[in-house]
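Each chain, letter by letter, is given below.
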Protein chains: 2
Amino acid sequence: MIDNTNKLCSELSLKETAKFLKKHDNFVILTHSSPDGDTLGAGYALYYGLKELGKIAGVICADIIPQKYAYFVRETDNVDEDSATIIAVDVATKALLGSLEENFGDKVDLCIDHHVSNSRYAKNLYLDSDASATCEIIFELLEIMDVNINDITAKAMYTGIATDTGCFKYSNVTAKTHIIASKLYEYNIDAPNINKIMFDTKSRKLLELERMVLDTAEYHFNNRCILLSVTAEMQEKTGCSGSDLESIAVISRSVEGVIAGISLKQTGDTTFKVSLRTYPPLNASEICKALGGGGHNAAAGATLEGTLDEVKEQVISVVRAKMEELDAGISAS
Amino acid sequence: MIDNTNKLCSELSLKETAKFLKKHDNFVILTHSSPDGDTLGAGYALYYGLKELGKIAGVICADIIPQKYAYFVRETDNVDEDSATIIAVDVATKALLGSLEENFGDKVDLCIDHHVSNSRYAKNLYLDSDASATCEIIFELLEIMDVNINDITAKAMYTGIATDTGCFKYSNVTAKTHIIASKLYEYNIDAPNINKIMFDTKSRKLLELERMVLDTAEYHFNNRCILLSVTAEMQEKTGCSGSDLESIAVISRSVEGVIAGISLKQTGDTTFKVSLRTYPPLNASEICKALGGGGHNAAAGATLEGTLDEVKEQVISVVRAKMEELDAGISAS
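Just so we're clear, the structure is a prediction, and the values are computed from it rather than from any experiment.

Rules used throughout
- Residues numbered from 1 in each chain as written.
- Chains lettered and ligands numbered in written order.
- Predicted model: local features only at pLDDT ≥ 70, side-chain atom pairs only at ≥ 80, totals over all residues.
- Heavy atoms only, no water.
- Helix = DSSP H or I, 4+ residues; strand = E, 2+ residues; numbered from the N terminus.
- Rg over C-alpha atoms; globule rule 2.2 N^0.38 Å.
- Buried < 20%, exposed > 50% of the residue type's maximum accessible area, 1.4 Å probe, protein only.
- Contact = heavy atoms within 4.5 Å.
- Areas by Shrake-Rupley, 256 points an atom, 1.4 Å probe, with all protein chains shown as cover.
- Least-squares fit on C-alpha atoms with pLDDT ≥ 70 in both.
- Pairing = 2+ DSSP bridges.
- Axes fitted to C-alpha atoms, helices over the stretch in contact; angles between N-to-C directions.
- Parallel < 35°, antiparallel > 145°, perpendicular 65-115°, else oblique.
- Left-handed = near helix turned anticlockwise from the far one by under 90°.
- Nonpolar A, V, L, I, M, F, W, Y, C, P; charged D, E, K, R; others polar.
- Domains from an automatic or database assignment.
- Buried area = accessible area lost by both parts, 1.4 Å probe.
- Salt bridge = Lys/Arg side-chain N within 4 Å of Asp/Glu carboxyl O.
- Polar contact = N/O pair within 3.5 Å; in protein donor to acceptor, adjacent residues only side chain to side chain.
- Phe/Tyr/Trp six-rings, centres within 6.5 Å; stacked < 30°, edge-to-face > 60°.
- Lys NZ or Arg CZ within 6 Å of the ring centre and 35° of its normal.
- Core = buried A, V, L, I, M, F, W, Y, C linked by side-chain atoms within 4.5 Å.
- Disulfide = S-S within 2.5 Å.

## What about the overall build of chain A?
- Along chain A, the regular secondary structure elements total twelve helices and twelve strands.
- For a compact globule of 333 residues, the expected C-alpha radius of gyration is about 20 Å, and chain A comes in at 22 Å, within 12% of that figure.
- The principal-axis extent of the C-alpha atoms belonging to chain A is close to 65 × 45 × 40 Å.
- The burial tally for chain A puts 56% of its 333 residues in the buried class.
- Taking all contacts inside chain A whose residues are at least 6 apart in sequence as the whole, residues at least 24 apart take part in 65%.
- Roughly 14,700 Å² of accessible area belongs to chain A as shown, and the carbon and sulfur atoms make up 48% of that amount.

Pasting the structure below:
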């Protein structure tokens, strides 16, 4: 369980957070491991903002920054970590720091985040769980600190907002998200190019993997459930791994009429990661709990042992029970 | 050639357009054939707005309105076409009225549009080619007419803006587009659901077609060109046709490193429609002109005769010439 009640963590207001940043001079900015557009956008936008204020700051990530973010990533300052103020952006728990946890896990002076699940591991926290992205918060911070925003700063923030909202598609978007986007359009951000890189670029190997995975499609329960499989052999043949495989879950949730999209990814000889995407009245979190996993209402996961066929049967049997409940409810009502 | 210089067409300002709408009482609102989210969103939002002003209005389309737009489509008034004021929304040329052209082509009193290519066929025209969608214009019109906007009106306008911009992804988006979106979020539009319907729903038959088409992928010119084929047999087997096939061109333009995405769609025994998507320095329009077709810089098309292999060779040979020019230019510079 996540401890959300750490009494030693003080929650700051936006103004207090701005004051905190102005008061200190040397910063280490931590992003989460397996970095995405929002943690990187927030980290670099904060870095550029702090530079405008004449501060020293360095951005650190446990993992290599993917090449596609190069348009807003620059070399940052070398900072003495012992005397610096440590900030974490978009990092909901210590563990998400990856290999940086050991060094910094208990030393984070300020965490700026939008995850409602933030575990309060930092000494100070600015949390706005209504923000679509941590980059929304950074924009507001730079605005109230009256910091000059450069094109590259705007690009970083637009990237975080666009990637965390599926380009303004998801339920975390608010009126404020669009207002901030409109303000970022006043800079030279070349948003169409950012969106092309983030949303409309697929590697050839991924296209090849998708072709193979579509061959595995099984439909169940009157086409209300699709099951896609990614075997170790497919991953080896195409060279796809890790984040490449996220698009398979996206396919499983996009088929018309499907309320349970299952993807099985082989991670060992007899180990499979299950990703489940559901629409109401199905609840992904409930189903995955029954499989020993967990997650959110619409997206959850579990890890199962067995052959591909055995794992399929385990998942399908739990989904079958839910579908039968559903059908019984419909015929009873 | 489109005649953009019709002297009999008077161009109105936004204010004059609002005045025009207030002055008349009975309207027929025409949308374009093969209706999309923008023409329908604009037509129905204008209808709801005019109803708030106490007017009589009917929305007409030459073709059946796809079921997915049902959440903002309602039955409209029966209007006497002879005495009514005829408005066309998002209709760039008479021909785009489809079967309505015969009756209404020369009788359009006011056209409201955002296509720079508008042929000035109407008696009065309000054209804003900087608007991302005609729905952006309708929003501004309703705003300056001080018309009450209902949730359904807001849903219609959001749909037009979202669909014409690829959900805020494309180069037609401006700061104003996001400002209008933020205002539409003040209503109960359930944008995530609209976006799910418009962008994240794929029919099972389309998924099946995509699987087949991915099997046909050929790469040329050091992976800078991909060629995808949709045979008549695939269309027959899956039941996919018409707008279903648009997603194939989308795939062809999304592959990393590809600057020429070609899709060939069989439309007769020995007839193929070529769709070409390019990135600079390639120009789709130039290439398709050489094939007897035409279009825009980034998206163009042509129709070719021959067997699949013959048609492939025709297209590839023109693209080859352009690639060789390109390579010569690079090595010379």
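Having put the structure on the table, let's press on.
## Description of the relation of the copies chain B and chain A
- If you rotate chain B by 180° and push it 0.0 Å along the axis, it lands on chain A with an RMSD of 0.2 Å. Here the two chains are linked by the operation of a two-fold rotation axis.
- A shared interface surface links the copies, since 100% of the contact residues of chain B are contact residues in chain A too.

## Structural notes on the sheet that holds strand 1 (residues 10-11) of chain A
Residue and element names in this part refer to chain A.
- Here we have six strands laid out as an open sheet, ordered 1-6-5-4-2-3, and parallel in their pairing. Edge positions in the sheet fall to strand 1 and strand 3 (56-60), since each has one partner strand and no second.
- As judged from the five bridges shared by strand 2 (residues 26-30) and strand 3, these two strands associate in the parallel manner. Bridge pairing in strand 3 links Val 28 to Gly 58.
- With respect to the sheet, helix 1 (residues 14-23) is in contact with strand 1, strand 2, strand 4 (85-89), strand 5 (110-113) and strand 6 (124-127), its orientation differing from that of strand 5 by roughly 135°.
- This element, helix 4 (residues 134-144), spans strand 4, strand 5 and strand 6 of the sheet and lies at about 115° to strand 5.

## Some remarks on the packing of helix 2 (residues 37-52) of chain A against helix 4 of chain A
All names here are of chain A.
- The geometry of helix 2 relative to helix 4 is characterised by a closest axis approach of 8 Å and an angle of 15° between their N-to-C directions. One finds that helix 2 runs roughly parallel with respect to helix 4. Considering the relative orientation of helix 2 and helix 4, their crossing is left-handed. Side by side, helix 2 and helix 4 meet where Asp 38, Gly 41, Ala 42, Ala 45, Leu 46 and Gly 49 of the first sit next to Thr 134, Cys 135, Ile 138 and Leu 142 of the second.
- Residue classes in the contact of helix 2 with helix 4 are distributed as six nonpolar, three polar and one charged.

## Section: the domain arrangement of chain A
- Split into domains, chain A comes out as domain 1 (10-199) and domain 2 (204-332).
- Summarising the inter-unit geometry, the C-alpha centres of domain 1 of chain A and domain 2 of chain A are found 32 Å apart.

## Remarks on the interface of chain B and chain A
- Chain B puts 38 residues into the contact, and the matching count from chain A is 38 residues.
- Buried surface at the junction of chain B and chain A, summed over both partners, amounts to about 3,400 Å²; 60% is from carbon and sulfur atoms.
- Put simply, chain B and chain A have six salt bridges between them.
- The partner of A:Asp200 in a salt bridge is B:Lys169, and the shortest N-O contact between them spans 3.1 Å.
- Here chain B is connected to chain A by 17 residue pairs in polar contact (both at pLDDT 80 or more).
- Elements represented by at least two residues in the side of chain B that touches chain A include exactly helix 6 (175-184), helix 7 (191-199) and helix 8 (204-214) of chain B.

## Regarding the packing of aromatic side chains
- Following the criterion strictly, the structure yields 15 aromatic pairs over all chains and no others.
- Taken together, a centroid distance of 6.4 Å and an interplanar angle of 45° make the contact between A:Tyr44 and A:Tyr48 tilted. Of this pair, A:Tyr44 and A:Tyr48 both sit in helix 2, four residues apart, which is roughly one turn of the helix.
- Residue classification places A:Tyr44 among the buried positions, given a relative accessible area of 4%.
- Ring pairing ties together the aromatic residues A:Tyr44, A:Tyr47, A:Tyr48, A:Tyr69, A:Tyr71 and A:Phe72, which thus form one cluster.
- Residue placement shows A:Arg204 over the ring face of B:Tyr219; its charged tip is 3.5 Å from the ring centre.

## Considering the nonpolar core
- A:Leu21, A:Ile112, A:Ile138, A:Tyr158, B:Ile138 and B:Tyr158 are the most contacted members of the largest nonpolar core, which has 112 residues in total.
- Setting aside anything within four residues of it in sequence, one finds A:Leu21 in contact with A:Phe27, A:Leu46, A:Leu50, A:Lys55, A:Ile87, A:Leu110, A:Leu141 and A:Met145.

## Some words on the state of the cysteines
- Evaluation of the coordinates by the stated rule reveals zero disulfides over all chains.
- Left unpaired, B:Cys167 is separated from the closest cysteine sulfur, that of A:Cys167, by 6.4 Å.

## Remarks on the pairing of strand 9 (residues 260-268) of chain A
All names here are of chain A.
- Bridge count between strand 8 (residues 225-230) and strand 9: six bridges; the pairing is parallel. Note on strand 9: the bridge partner recorded for Ser 229 is Leu 264.
- Summarising the sheet, strand 9 and strand 10 (residues 271-278) pair through eight bridges and their orientation is antiparallel. Residue Lys 265 lies in a different strand from strand 10, and its bridge partner there is Lys 273.
- Between the end of strand 9 and the start of strand 10, which pair antiparallel, lie two residues.

## Points about helix 8 (residues 204-214) of chain A
- Most of helix 8 of chain A is tucked away: eight of the eleven residues are buried.
- Along helix 8 of chain A, the positions that sit buried rather than exposed are A:Leu206, A:Leu207, A:Leu209, A:Glu210, A:Arg211, A:Met212, A:Val213 and A:Leu214.

## Points about the pattern of salt bridges
Residues and elements named next belong to chain A.
- As enumerated under the stated definition, the model contains 35 salt bridges over all chains in all.
- Linking Glu 11 and Arg 120 is a salt bridge whose minimum nitrogen-to-oxygen distance equals 2.7 Å. Of this pair, Glu 11 sits in strand 1 while Arg 120 is found in the loop between strand 5 and strand 6, placing the two residues 109 residues apart along the sequence.
- Among the residues examined, Glu 11 registers a relative accessible area of 43% and is labelled partly exposed.
- Its salt-bridge partner being Lys 202, residue Glu 210 comes within 3.0 Å of it at the nearest N-O pair.
- What makes Lys 202 partly exposed here is its relative accessible area of 27%.

## A few points about the environment of B:Asp151
Residue and element names in this part refer to chain B.
- Residue placement: Asp 151 occurs in helix 5 (residues 151-164).
- Judged by relative accessible area, Asp 151 falls into the partly exposed class, the value being 34%.
- Sequence separation of Asp 151 and Asn 188 is 37 residues, and the distance between their C-alpha atoms is 5.5 Å.

## A word on the packing of helix 4 (residues 134-144) of chain B against helix 5 of chain B
Residues and elements named next belong to chain B.
- The interhelical angle for the contact between helix 4 and helix 5, taken along N-to-C directions, is 145°, at an axis separation of 8 Å. Note on element contacts: helix 5 touches helix 4 through Thr 153, Ala 156, Met 157, Gly 160 and Ile 161, opposite Cys 135, Glu 136, Ile 138, Phe 139 and Leu 142.
- Taken together, the residues of the contact of helix 4 with helix 5 break down into seven nonpolar, two polar and one charged.

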